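# Coordinate inspection notes
Chain by chain, the residues:
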Amino acid sequence: MVSIKGGRKRLTTGAVATATAGLALGAFALSGTANGATESAEAAGAGKHAKPTVILEHGAFADGSSWNGVIADLRADGYPVVAAANPLRGPASDAAALRTVLDHVKGPKIVVGHSYGGNVISEAATDDPEVKALVYVAAFLPAPGESALELTNRFPGSTLPGTLDPVTYQQADGTTATDLYIQQDKFHHQFAADVPAGQAALMAAEQRPIAQAALEEKATTAAWKTIPSWDIVTTEDLNIPPAVQRFMAKRADAHTTEVAASHSVAVSHPHLVAGVIERAARAAVR
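So, how was this worked out
Residues numbered from 1 in each chain as written. Predicted model: local features only at pLDDT ≥ 70, side-chain atom pairs only at ≥ 80, totals over all residues. Heavy atoms only, no water. Helix = DSSP H or I, 4+ residues; strand = E, 2+ residues; numbered from the N terminus. Buried < 20%, exposed > 50% of the residue type's maximum accessible area, 1.4 Å probe, protein only. Areas by Shrake-Rupley, 256 points an atom, 1.4 Å probe, with all protein chains shown as cover. Phe/Tyr/Trp six-rings, centres within 6.5 Å; stacked < 30°, edge-to-face > 60°. 1 Å grid on protein atoms, 1.4 Å probe; cavity = no way out; pocket = protein on both sides within 12 Å on 5 of 7 lines; lining within 4 Å. Points joined across faces, edges and corners; volume = space filled by probe spheres on them. Nonpolar A, V, L, I, M, F, W, Y, C, P; charged D, E, K, R; others polar. pLDDT = per-residue confidence, 0-100. Contact = heavy atoms within 4.5 Å. Expected span 1.5 Å × (residues − 1). Arc of directions from axis to C-beta. Core = buried A, V, L, I, M, F, W, Y, C linked by side-chain atoms within 4.5 Å.

Check the secondary structure of the protein and you find eleven helices and ten strands. Looking at the protein residue by residue over its 286 residues, the buried ones come to 55%. Carbon and sulfur atoms make up 55% of the accessible area of the protein, which amounts to about 11,200 Å² in all.

The geometry of an aromatic ring pair is captured by two quantities: the separation of the ring centres and the angle between the planes. Inspection of the entire model under this criterion finds three aromatic pairs. Ring centres 4.9 Å apart and planes at 40 degrees place the aromatic pair phenylalanine 187 and phenylalanine 191 in the tilted group. Within this pair, phenylalanine 187 and its partner phenylalanine 191 are both found in helix H6 (residues 184-191), separated by four residues, close to a single helical turn. Among the aromatic side chains, those forming a connected cluster through ring pairs are Phe61, Phe187 and Phe191.

Attention now goes to the layout of surface pockets. The probe, sized like a water molecule, is rolled over the atoms to show the empty space still left. Each pocket or cavity is described by its volume, and for the largest pocket that value is around 290 Å³. Lining the largest pocket are 20 residues, with Ser65, Ser66, Gln199, Met203 and Val267 sitting closest to its centre. Counting residues per element, the lining of the largest pocket draws most heavily on helix H7 (residues 197-206), which supplies four residues. Class assignment for the residues of the lining of the largest pocket results in nine nonpolar, nine polar and two charged.

On average, residues of the protein carry a pLDDT of 88, and 83% of them reach 70 or more. Counted against residues more than four places away or in other chains, residues 5-36, with its pLDDT under 50, gives 151 contacts. A low-confidence stretch, residues 38-47 (pLDDT under 50), is modelled with nine contacts involving residues beyond four sequence positions or located in other chains.

The subject of this paragraph is helix H3 (residues 91-104). Spanning 14 residues, H3 covers 20 Å between terminal C-alpha atoms, matching the ideal 20 Å at 1.5 Å per step. The complete set of buried residues in H3 reads Pro91, Asp94, Ala95, Ala97, Leu98, Val101 and Leu102. Relative to the axis of H3, the buried residues are bounded by an arc of 160 degrees and lie together on one face. Buried residues along H3 sit against strand E2 (53-57), strand E3 (81-84), strand E4 (109-114), helix H4 (117-124), strand E5 (131-137) and helix H8 (212-216).

Across soluble globular proteins, nonpolar side chains show a tendency to be buried alongside one another. Grouped together as the largest cluster of nonpolar side chains are 50 residues, with contacts concentrated most on Ile55, Phe61, Leu98, Leu134, Phe187, Ile210 and Trp224. Counting residues per element, this core draws most heavily on H3, at four residues. Other than its neighbours up to four places away in sequence, isoleucine 55 contacts Val82, Leu98, Val101, Leu102, Val105, Lys109, Ile110, Val111 and Val112. Grouped together as the second largest cluster of nonpolar side chains are 28 residues, Leu56, Ile71, Ala83 and Val137 included.

Below, the structure written as structure tokens:
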């Protein structure tokens with residue numbers, strides 16, 4: 001395990017639910033169009049040592065822009081990149097959306113998930129021979145039968161529940177459902193404490209809600225059981241307690257890097273995140 005110190009020290013952590021981020025809305029929010037990404041992968045494939053395409057899946061309370069710094073580094077190093085838009089409706093349906101992205105982009109792929117996005121990639125990548133490595137970024141690595149809520153509650157510490165802003169609405173079939181936001185005035189401290197305040201305010205305004213039911217839905221598969229995995233554990237995370245992250249990383253036998261960072265580590269430490277992704281790519285695709 002690699003341990004890295006950085007970012008501001010804060011009070012720790014939390015215990016109740018919620019995670020972060022997810023999967024493909026069916027379209028790409030990203031670094032290039034769908035066709036552009038495919039063409040990049042095909043062009044790279046012409047060489048003997050072609051770089052795999054990196055597929056990025058954001059989590060709850062975020063969107064594809066949370067990967068901007070990571071995308072810039074990866075593209076500078078020659079990696080084709082697609083940042084998928086995550087519907088944040090539930091692991092099964094979000095994984096189905098992400099699979100449309102995985103199926104469209106040809107060739108070897110490294111699939112990366114942040115927060116709740118870990119639930120999504122764990123299902124979407126199952127039995128996909130073109131997915132060569134999984135990278136979890138402050139993310140959930142559920143086993144079959146586990147939910148994001150259950151995993152968060154396994155260890156104490158998450159302060160997320162007290163910051164949530166639930167919105168209940170009526171669906172087309174007449175039933176009700178609840179979406180979860182983070183209160184904007186609490187977003188900086190809770191979600192992105194090591195991100196500059198002005199940038200965190202923009203993230204708070206742009207956040208996308210997750211369905212409460214998505215955090216309660218149980219996983220049915222676990223791609224990390226058969227695909228080599230890397231994991232970035234954020235030790236100052238107030239959403240997913242570090243103890244939970246370490247438990248999941250150890251269980252998955254993941255190559256683990258620890259960093260003193262908030263839940264928004266891809267924003268506050270993009271070079272570190274890109275570096276771990278590139279290490280996974282070099283190890284998995286030779």
